Amino acid sequence: MAGPVGELEHGSLEEVAGGVPVTSAAAEGAQKASRAGRNLPAAIGVGVTLGAVVLLSLFLVRHVFIGVVALAVAVSTWELAGALKRGAGIAVPLWPVLLGGQAMVWLAWPFGRAGVFAAFAVTALVCLLWRLRGGVDGYLRDTSAALFALAYVPLFASFAAMLVLPDDGIYRVVCFLILVVSSDTGGYIAGVLFGRHPMAPVISPKKSWEGFAGSMVAGIVAGALTVALLLDGQWWQGVLFGMALVPTATLGDLVESVIKRDLGVKDMGTLLPGHGGLMDRMDSLLPSAVVSWLLLGLFVPA
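All figures in this text were calculated on a predicted structure; none of them were measured in a lab. Each chain has its residues counted from 1, running along the sequence as written. Given that this is a predicted model, residues contribute local features only at a pLDDT of at least 70 and side-chain atom pairs are listed and counted only at 80 or more, while totals for whole chains, interfaces and linings are drawn from all residues. To obtain the side-chain values, all non-hydrogen atoms of the structure were used and water was disregarded.

Moving on, we get to the overall build of the chain. A run of H or I in DSSP becomes a helix once it reaches four residues, and a run of E becomes a strand once it reaches two; helices and strands are each numbered from the N terminus. Helix and strand counts for the chain stand at 11 helices and 2 strands. Listing every helix and strand of the chain by position from the N terminus yields α-α-α-α-α-α-α-β-β-α-α-α-α. Remark: exposure states derive from per-residue accessible area (1.4 Å probe, protein chains only) relative to the maximum for the residue type, with buried under 20%, exposed over 50%, and partly exposed in between. Across the 302 residues in the chain, those meeting the buried criterion constitute 51%. Only heavy atoms enter the contact rule, under which two residues are in contact if any of them lie within 4.5 Å. Sequence-distant contacts, at least 24 apart, represent 73% of the contacts inside the chain between residues at least 6 apart. Accessible area of the chain: about 13800 Å², with a carbon and sulfur share of 72%. Note on areas: Shrake-Rupley, 1.4 Å probe, and residue coverage restricted to the protein chains presented here.

Structure representation (structure tokens):
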């Protein structure tokens, strides 16, 4: 569900085609791919499907949403561990990380953040012990990567699970998702139409400051409306919520771009047509879940 916040790719059509002249039909397709940054119809279809699954889980039986989060955590952790192995030869202790990640998400339901952090601590200890079987070579590298994976995926995702626990938890999750999607959509439209100044050309050359401005406008408007209408908060609280979440979502996207460039991989996986892997869609959602839980808990106490 994360995506091209102000993505605008720079370069000629021959660059898009690898230096080979293209026909007019191919040129049109390449231009669309260049401007969109991905297979747009497939990306929209996958995004709508994922959104429908999340909304159904919330409004049918809201605690089913925790199961959706748990499944997303398992798949994303698997993809991240695979990318670390392919790109840098890092052997994350996969089974402890997978099982510990599930414990973190599911213990959020009855025990809240105490259960999450207890599961994180125990899983970290298990990873340190598990990796001893592999000997000395690469021990620090692999265990450090395991702790990073635990924090980056299941720990952050557990805050999304904790959003749904209060009586108005459904609407807290909806506010969080609407903000991230609005940021993404506003940034995408502004970036494609007006993007001229790259935000981080070395990390993500398709992101522009104009796109970021579009994200901020869309995020602030969405925040003011959702917090006031869905949570009975103050409109100015929604404005602050949007102002905080848009940079967080953008930072999450940039961080994953840095990780992929460091590893030398294009996508974390291939599960979702037009999107790459599920982890490629989780990048802006994960840190945004943390900020959403903190700010909504502050502005609209449960």
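Let's shift gears to the packing of helix α4 (residues 64-88) against helix α5 (residues 94-130). Each pair of packed helices gets described by two things: the angle between the helix axes and the distance between those axes. Each axis is a line fitted through C-alpha atoms, taken for helices only over the stretch in contact, and angles between the N-to-C directions span 0 to 180 degrees. Following both chains from N to C, one finds α4 and α5 inclined at 160°, their axes separated by 10 Å at the closest point. The angle between the axes of α4 and α5 places the two elements in the roughly antiparallel class. Taken as a pair, α4 and α5 cross one another with a handedness that is right-handed. Contacts between α4 and α5 involve Ile66, Gly67, Val69, Ala70, Val73, Ala74, Thr77, Trp78 and Ala81 from the former and Leu94, Val97, Leu98, Gln102, Val105, Trp106 and Trp109 from the latter. Any residue outside Ala, Val, Leu, Ile, Met, Phe, Trp, Tyr, Cys, Pro, Asp, Glu, Lys and Arg is labelled polar, Gly included; the first ten of those are nonpolar and the last four are charged. When the residues that make up the contact of α4 with α5 are grouped by side-chain class, the tally is 13 nonpolar, 3 polar and no charged. In what follows, roughly perpendicular refers to angles from 65 to 115 degrees, roughly parallel to angles under 35, roughly antiparallel to angles over 145, and oblique to any angle outside these ranges. Helix crossings are classified by the rotation of the near helix relative to the far one: an anticlockwise turn of less than a right angle makes the crossing left-handed, while a clockwise turn makes it right-handed.

In this model helix α9 (residues 235-263) runs 42 Å from its N-terminal to its C-terminal C-alpha over 29 residues, within 8% of the 42 Å that 1.5 Å per residue would give. Of the residues flanking the end of α9, it is glycine 264, one or two places downstream, whose phi is positive at about 75°. Multiply 1.5 Å by the residue count of a helix minus one, and that product is the helix's expected span.

Only Phe, Tyr and Trp rings take part, Trp by its six-membered ring, and two of them pair if their centres are within 6.5 Å. Stacked means planes under 30 degrees apart, edge-to-face means over 60, and tilted covers everything else. Following the criterion strictly, the structure yields 7 aromatic pairs and no others. Ring centres 5.2 Å apart and planes at 20° place the aromatic pair phenylalanine 148 and tyrosine 152 in the stacked group. With phenylalanine 148 and tyrosine 152 both in helix α6 (residues 139-163), this residue pair falls 4 residues apart, about one helical turn. Since its relative accessible area comes to 35%, phenylalanine 148 is described here as partly exposed. For tyrosine 152, a relative accessible area of 6% gives the class buried. Each ring, one from tryptophan 236 and one from phenylalanine 299, has its centre 6.4 Å from the other, and the planes form 65°; the classification is edge-to-face. Taken together, the residues tryptophan 236 in helix α9 and phenylalanine 299 in helix α11 (residues 285-299) connect sequence positions 63 residues apart. Among the aromatic side chains, those forming a connected cluster through ring pairs are Phe148, Tyr152 and Phe156. Over a ring means this: the NZ of a Lys or the CZ of an Arg is within 6 Å of the ring centre and within 35 degrees of the ring normal. Positioned above the aromatic ring of tryptophan 130 is the side chain of arginine 133, whose terminal nitrogen or guanidinium carbon lies 4.4 Å from the ring centre.

pLDDT is defined as a per-residue confidence score from the predictor, taking values between 0 and 100. Chain-level statistics for the chain give a pLDDT mean of 86 and a share of 85% at 70 or above. Confidence drops under pLDDT 50 across residues 1-36; counting only partners more than four residues distant or on other chains, this segment forms 75 contacts.

Time to look at α11. With 15 residues, α11 should reach 21 Å at 1.5 Å per residue; the first-to-last C-alpha distance of 20 Å fits that figure. Of all the 15 residues making up α11, 11 are buried; the element is thus mostly covered by neighbouring parts of the structure. Looking only at α11, the buried set comprises Leu285, Leu286, Pro287, Ser288, Ala289, Val290, Val291, Ser292, Leu295, Leu296 and Phe299. Next to the buried residues of α11 lie α6, α7 (169-194), α8 (209-230), α9 and α10 (279-282).

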